[in-house]
Amino acid sequence: MLEQVAVVLLGVFFYFQVRGLTAASRTVAVDHAHDVLAFEERLGVDIETTVQDPVTDSDALSTFVNWIYIWGHWPVIAVTMAWLVWRHREIFLRLRNAMLVSGGIGLIVFVSYPLAPPRLVDPDLVDTVTERSYAYRVLQPPNFVNQYAAMPSLHAGWDLLVGISIATAAGSLVARVIGCVLPVLMAFAVVATANHYVVDVAAGLVLAMVGYAAAVALEGRRSRRAGPSP
């Protein structure tokens, strides 16, 4: 069972290696960032500074959002997948396929639309993860990182997929609440740490649901091919 998790994690490893090798020029990424900021301003959702201000004013809150951003992503994904393979194989396959589809589309967006994150554009914003935490570089070494891959936020999108999977498979109210709260906290954390724009979060959530819809469709197709149980 764990071999299946290892295969997925290996795919994620190559995903990040490819993503890290697709970094575009800073000029193009910054130009796109200004376009995104202008778009958010027109929509009235340019709230990155407003979201981060209370975080930078509080060491406790800063540590909290950093920990969500760092430990609430890959560690949670790995543990959830191991649990699902062990206890809920069908939901594991759905999560795996949703991540593969959304991740593949995400790579195309990263290459075709490089985007600098808010922390590299707005001087009023602080890179709280780098400046106030050391664990991130352990979990995600520099050669994995494409600084100009802010759009879409798969931190938010994939945590949504994991949250849905936990809530679907959970047998207790506490676990279902965790599944519901996890993506909300991550959506807040990616903006509060100045790693993503609000628009990135929205794009990540939409992309995740596209991946989820594709996974459900593949599941239905597989069931039809298998035919009715004897």
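Residues numbered from 1 in each chain as written. Predicted model: local features only at pLDDT ≥ 70, side-chain atom pairs only at ≥ 80, totals over all residues. Heavy atoms only, no water.

Engineer: Please set out the packing of aromatic side chains residue by residue, giving values where relevant.
Structural biologist: Tallying each qualifying case throughout the model produces two aromatic pairs. With centroids separated by 6.1 Å and ring planes inclined at 50 degrees, the aromatic side chains of Trp-67 and Trp-71 adopt a geometry described as tilted. Of this pair, Trp-67 and Trp-71 are both found in helix α4 (residues 59-71), four residues apart, which corresponds to roughly one turn of the helix. Assessed through its relative accessible area of 53%, Trp-67 is described here as exposed. Judged by relative accessible area, which is 36%, Trp-71 ranks as partly exposed. Aromatic pair Trp-74 and Trp-158: ring centres 5.7 Å apart, planes at 70 degrees, arrangement edge-to-face. (Phe/Tyr/Trp six-rings, centres within 6.5 Å; stacked < 30°, edge-to-face > 60°. Helix = DSSP H or I, 4+ residues; strand = E, 2+ residues; numbered from the N terminus. Buried < 20%, exposed > 50% of the residue type's maximum accessible area, 1.4 Å probe, protein only.)

Engineer: Got a sec to walk through the nonpolar core? Specific residues and values, please.
Structural biologist: With 26 residues, the main nonpolar core has Ile-77, Leu-95, Met-99, Trp-158 and Leu-161 as its most contacted residues. Sorting elements by how many residues they give to this core places helix α6 (residues 89-112) first, with eight residues. In this structure Leu-161 touches Leu-95, Ala-98, Met-99, Ser-102, Ala-208 and Tyr-212, once residues within four positions along its chain are discounted. Counting residues in hydrophobic clusters, the runner-up holds 15 residues, among them Ile-70, Val-129, Ala-156 and Ala-187. (Core = buried A, V, L, I, M, F, W, Y, C linked by side-chain atoms within 4.5 Å. Contact = heavy atoms within 4.5 Å.)

Engineer: I'd like to hear about the pattern of salt bridges, residue by residue, with values.
Structural biologist: One pass over the structure, following the stated rule, counts three salt bridges. Notably, a salt bridge pairs Glu-90 with Arg-94, separated by 3.8 Å at the nearest N-O pair. Of this pair, Glu-90 and Arg-94 are both found in helix α6, four residues apart, which corresponds to roughly one turn of the helix. For Arg-119, the salt bridge is made with Asp-127, and the minimal N-O distance between the two is 3.6 Å. Exposure remark for Arg-119: the relative accessible area of 17% places this residue in the buried category. (Salt bridge = Lys/Arg side-chain N within 4 Å of Asp/Glu carboxyl O.)

Engineer: A description of helix α9 (residues 154-169) should follow, citing residues and the corresponding values.
Structural biologist: The terminal C-alpha atoms of α9 lie 22 Å apart, and with 16 residues this matches the ideal 22 Å at 1.5 Å per residue to within 8%. Along α9, 13 of the 16 residues are buried, which leaves the element largely enclosed by surrounding structure. (Expected span 1.5 Å × (residues − 1).)

Engineer: Go over unusual backbone geometry, please, and point to the residues and values.
Structural biologist: The omega torsion of the bond from Met-151 to Pro-152 falls at -5 degrees, within 30 degrees of zero and hence cis. Looking at the secondary structure, you find Pro-152 in the loop between α8 (136-139) and α9. The phi dihedral of Ala-194 is positive, around 65 degrees, even though this residue is not glycine. With respect to the helices and strands, Ala-194 occurs in the loop between α10 (173-192) and α11 (198-226). Residue class for Ala-194 comes out buried when judged on its relative accessible area of 1%.

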